[in-house]
Amino acid sequence: MIDTSELFPRQRTTPLPGGYMGKILRVDLSSGSMKDENLPEEPVLRKFIGGQALALYVLMRELPLNVRPYDPQSKMVMMTGPLTGTGLTPGGTKVCAVFLSPMTNYSLGRGAASGYWAAYLKQAGYDGIILESAASKPTYLFINDGRAELRDAAKFWGKGARDTEDLLRAEVGIKDAKVMGIGPAGEHLVHAAMLCNDYNHSASHSGGAIFGSKKLKGIVVFGTKRPPLHDKAALIEAGLRWRKTLQQYSVADRYSVGHARHLEALPNNNMQSTLIADHNRGFDQNRITQRPCFQCARLCPWDVEIGEGEFKGKVGHFNAGAEWLDTFWNLGVKGNATLYLAERINDLGIECGHFAFGAGVLFEAYEKGLVNEADCDGLRLEWGNVEAIDRLLEMTARRQGKWGNLIADGPLEVAEAIGGDAIKWVVHTKRGVPAMHDWRPHFSNMLREIVASGGMKPQGGGTATPPPDLRYREKWGPLDRDDPKGWPQSNVIAEQYRQFVGLMGGCWFAQMHVKPDGLNSVVDSFNATTGWNFTMDEALAAGHRSVILQSIFATQRGWVADHDWQHVGQRFLDPVPDGKYKGFTIAKWLPEMVREYYRLSGRHEKTGRPYVDTLKNLGLEEFNEWAQLD
């Protein structure tokens, strides 16, 4: 492990760029000690910026290679970016948490959240938090205008995410305080338990389990500070340009089948069908309330009051992605019961795909006679059985019974326990899960899901033609949706600009890369905030640097690139069973597409290790020990 004394200087000797508060809070949950660390010097900040890259760089310098995800020695690093909380751009809302994934046990776990919490963390005086060790009893962290303390959380343990937020806010006595907490799933170490904040938001993919392993129920933040800005007038101008690119969500979007309408497919009955039917029946009877994030008019979050059916009057709080719709369509549910269950899974704090694919293979085994009611705690696991699904959610969140415990572990663990043909029906990537949609008809989406770490949301998702602001250097397309040629290159570039947006504290949902000025306005906003003068090429290099760090982290723990296409659930690679894209599968092209992706990004096609020249070009020579030498 590398000495950290150089990373956080006792006295900074370089100027603090605009957008940064200048401090990271280090919290030892075992001893209760807390320490303010100065941000790294300006050259380090310029290289890693914030978000995933800076957080991961800190984690890699401090996390022992032999540690397990739930060991007391394990750590989580949470970082905002310089645009977080300025209020002068859309999408400046992000915090990113990184840790060793308990889903894969060898790759990066990552969760990013929008809303208000990240902006309030900066207003409290901090750019990030390092969580280390573990408390001996339930605890919460309260940060109020630069003052931090650990408090007893015993009376909140066992509460759902919604009650946790309300009760902790009431406990500190500040009605505008913001809360990030966990539900029962995090407390019981469900491997994909989420961090939940601001009602409508979550950082998925295991951050909640890390909190639970450390007996940390939540973090409450409040403050009145504002990040300094290099050139406020230029930032206002760039931010206004950025806002002009935004495409707002409408109330009508909330009556639809969500992202499935763009994919032209949704998962039915553990992905045994892709057909879109009356899945959204009754949605038009609901009362919808659009919600903003901090100073962002994209209106991704929304609330629902169900207006008809068995669950009339129930309220739910959601974000834009609609994975939680596909979760329950994957289990045969339709109509407003879908929204009722979606609120349940969010309140319990279980990441959608983890539950959907674990329960999905169990339901299919029930359908095909591999398990029966007696094997399943008396549950009739028939497609669309809302009562059974509701009960199974509760069992999973609290690790009750054989199947609740196994679903809490992961979909592959469920399939392995069932045996027989169940292993052919499971959806997973490196024991983790893809984002909860049916991506199978689409090259770009499938490739990005498969090369992701397995413990995090993927960054890529290429376009058929270059984004308008990149046409000065990128010439591909239009790519053919039935031909793999060009899609790996498109994915490599998409990773780079999406990563850059995240590093600076921006939200991908607010970043309109397919529109003219959709990327230039973002880079200009970054420069006006910080005082740096990044070109678009430097911005893309920063995103590339973050991707390379992510793969080095996994390399250090035994991952190789061939795992990306070898360790994938068969159902995820099966030909599309019906609908517009019937018969399509990426599987026959997959090994070469994955290998081309790694070659194009400066890594060895089979090991995934970066070449020495790649590290040199990105200023990452300190990791040469992990380079590919031939």
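Here's a quick rundown of the structure.

Definitions and limits used
The numbers attached to residues start from 1 for each chain and follow its sequence in the written order. Two thresholds apply to this predicted model, a pLDDT of at least 70 for residue-level local features and 80 or more for giving and counting side-chain atom pairs, whereas whole-chain, interface and lining totals are computed over all residues. Only hydrogens and water are set aside; all other atoms, that is, all heavy atoms of the structure, feed into the side-chain values. Strands are runs of DSSP state E lasting at least two residues, helices are runs of H or I lasting at least four, and both sets are numbered from the N terminus onward. A radius of gyration in this sense is built from C-alpha atoms; the matching globule rule multiplies 2.2 Å by the number of residues raised to 0.38. Accessible surface is estimated by sampling points in the Shrake-Rupley manner with a 1.4 Å probe; for residues, cover comes only from the protein chains shown. Think of it this way: Lys and Arg go in the positive column, Asp and Glu in the negative one, and His and the chain ends go nowhere. Every charge is mapped to an atom, namely NZ of Lys, CZ of Arg, CG of Asp or CD of Glu. For two strands to pair, DSSP has to find at least two bridges joining them. For every element, the axis is a line fit to its C-alpha atoms; helices are fit only across the contacting stretch, and the angle between N-to-C directions ranges from 0 to 180 degrees. Only protein chains enter the accessibility calculation, which uses a 1.4 Å probe. A residue is then buried if its area is under 20% of the maximum for its type, exposed if over 50%, and partly exposed in between. It only takes one pair of heavy atoms within 4.5 Å for two residues to be counted as in contact. What we call a nonpolar core is a set of buried Ala, Val, Leu, Ile, Met, Phe, Trp, Tyr and Cys residues that are connected through their side-chain atoms within 4.5 Å. Note on definitions: salt bridges are taken to be side-chain nitrogens of Lys or Arg within 4 Å of carboxyl oxygens of Asp or Glu. Under this definition, polar contacts are N or O atom pairs within 3.5 Å; protein pairs additionally need one hydrogen-donor-capable and one acceptor-capable atom, and for neighbouring residues in sequence, both atoms have to be side-chain atoms. Any angle between 65 and 115 degrees counts as roughly perpendicular, while under 35 counts as roughly parallel, over 145 as roughly antiparallel, and the rest as oblique. Less than a right angle of anticlockwise turn of the near helix away from the far helix marks a crossing as left-handed, whereas a clockwise turn marks it as right-handed. Three categories are distinguished: nonpolar for Ala, Val, Leu, Ile, Met, Phe, Trp, Tyr, Cys and Pro, charged for Asp, Glu, Lys and Arg, and polar for the others, with Gly belonging to the last. Aromatic pairs are defined between Phe, Tyr and Trp rings, using the six-membered ring for Trp, whenever the two ring centres lie within 6.5 Å; interplanar angles under 30 degrees are classed as stacked, those over 60 as edge-to-face, and all others as tilted.

The next subject is the overall build of the chain. Counting secondary structure elements, the chain contains 22 helices and 15 strands. In terms of overall size, the chain behaves like a compact globule, its C-alpha atoms giving a radius of gyration of 23 Å where 630 residues would be expected to give roughly 25 Å. The dimensions of the chain, computed from C-alpha atoms along their principal axes, are 70 × 55 × 50 Å. In the structure as shown, the chain presents an accessible area of about 21200 Å², 48% of it carried by carbon and sulfur atoms. Positive and negative charge centroids in the chain, built from 72 and 73 side chains respectively, lie 3 Å apart.

Here we come to the sheet that holds strand β6 (residues 128-132). On the basis of which strands lie adjacent, the open sheet formed by six strands has the order β2-β1-β6-β3-β4-β5 and mixed pairing. Lying at the two open borders of the sheet, with one neighbouring strand each, are β2 (34-38) and β5 (108-113). For this sheet, the mean angle separating the axes of adjacent strands, direction not counted, is 20°. Bridging between strand β1 (residues 23-28) and β2 involves five bridges; their strand directions are antiparallel. From the neighbouring strand, K23 faces β2, where its bridge partner is N38.

Right, let's get into the pairing of strand β12 (residues 216-222). Within β12, seven of the seven residues are buried, which leaves the element mostly enclosed by the surrounding structure. Alignment of strand β7 (residues 139-144) against β12, held across six bridges, turns out to be parallel. Its bridge partner lying in β12, I143 is registered against V221. In terms of strand pairing, strand β9 (residues 178-181) meets β12 through four bridges, oriented antiparallel. Directly across from K178, in β12, lies its bridge partner V221.

This part takes up helix α14 (residues 411-418). By the criterion of burial, α14 is predominantly enclosed, with six of the eight residues buried. Listed in full, the buried residues belonging to α14 are P411, L412, E413, V414, A415 and I418. Tucked into the core, α14 has its buried residues touching α11 (352-367) and α13 (401-409).

F328, F355, L362 and F500 are the most contacted members of the largest nonpolar core, which totals 151 residues. Those residues in contact with F328 that sit more than four places away from it in its chain are V333, T338, L341, A342, I345, F355, I389 and L393. If you look at the next biggest cluster of nonpolar residues, it comprises 40 residues, including A118, I129, V172 and A177.

Turning our eyes to something else, we now look at the side chain of K214. Positionally, K214 belongs in the loop between α6 (207-213) and β12. Among buried Asp, Glu, Lys and Arg side chains, K214 stands out as unpaired, with E132 the closest opposite charge at 8.2 Å. At 2.9 Å, the side chain of K214 and the backbone oxygen of S133 are in polar contact. Not counting the four nearest positions on each side in its chain, K214 is found in contact with L29, D71, P72, S74, K75, L131, E132, S133, A134 and A135.

What follows deals with the packing of helix α7 (residues 232-245) against helix α17 (residues 520-530). Orientation of α7 relative to α17, taken along the N-to-C sense of each, is 160°, at an axis distance of 8 Å. The angle between α7 and α17 places the two elements in the roughly antiparallel class. Of the two possible hands of crossing, α7 and α17 adopt the one that is left-handed. Residues A234, L235, A238, G239, R241 and W242 of α7 lie in contact with α17, whose contacting residues are N520, S521, V522, D524, S525, A528 and T529. Class assignment of the residues belonging to the contact of α7 with α17 gives a composition of six nonpolar, five polar and two charged.

Looking now at the environment of L45. Mapping L45 onto the fold places it in helix α1 (residues 42-48). Taking the C-alpha atoms as reference points, L45 and L470, separated by 425 residues in sequence, lie 25 Å from one another. If near-sequence neighbours (up to four positions away) are discounted, L45 is found in contact with R12, L16, P17, Y20, L39, P40, L54 and W532.

Let us now look at the pattern of salt bridges. Inspection of every chain in the model, using the stated rule, returns 46 salt bridges. Each of R26, K35, E37, E62, K75 and E132 takes part in one network of salt bridges that share partners.

The strand order β13-β14-β15 describes an open sheet built from three strands, whose pairing is antiparallel. In the strand order of this sheet, the two ends are held by β13 (287-290) and β15 (315-318), each with one partner. For this sheet the average axis-to-axis angle between neighbouring strands, irrespective of direction, equals 15°. Bridge count between strand β14 (residues 302-305) and β15: four bridges; the pairing is antiparallel. Across the sheet, the residue bridging to V304 is G316, located in β15.

In the structure shown here, the tally under the stated rule is 23 aromatic pairs. Seen from their ring centres, Y140 and F156 are 6.1 Å apart, and the 75° between their planes marks the pair as edge-to-face. You can see Y140 sitting in strand β7 and its partner F156 sitting in the loop between β8 (147-152) and α4 (161-172), a full 16 residues away along the chain. Residue classification places F156 among the buried positions, given a relative accessible area of 3%. Consider the rings of F443 and F584, whose centres lie 5.3 Å apart with planes at 85°: the pair is edge-to-face.

Moving on, we get to the packing of helix α16 (residues 487-503) against helix α18 (residues 536-555). Running from N to C, α16 and α18 cross one another at 90°; their axes reach a closest spacing of 7 Å. Relative to α18, α16 is oriented roughly perpendicular. Contacts from E495, Q496, Y497, Q499, F500 and L503 in α16 reach A539, L540, A542, G543, H544, S546, V547 and Q550 in α18. Within the contact of α16 with α18, the residues separate by chemical class into seven nonpolar, six polar and one charged.

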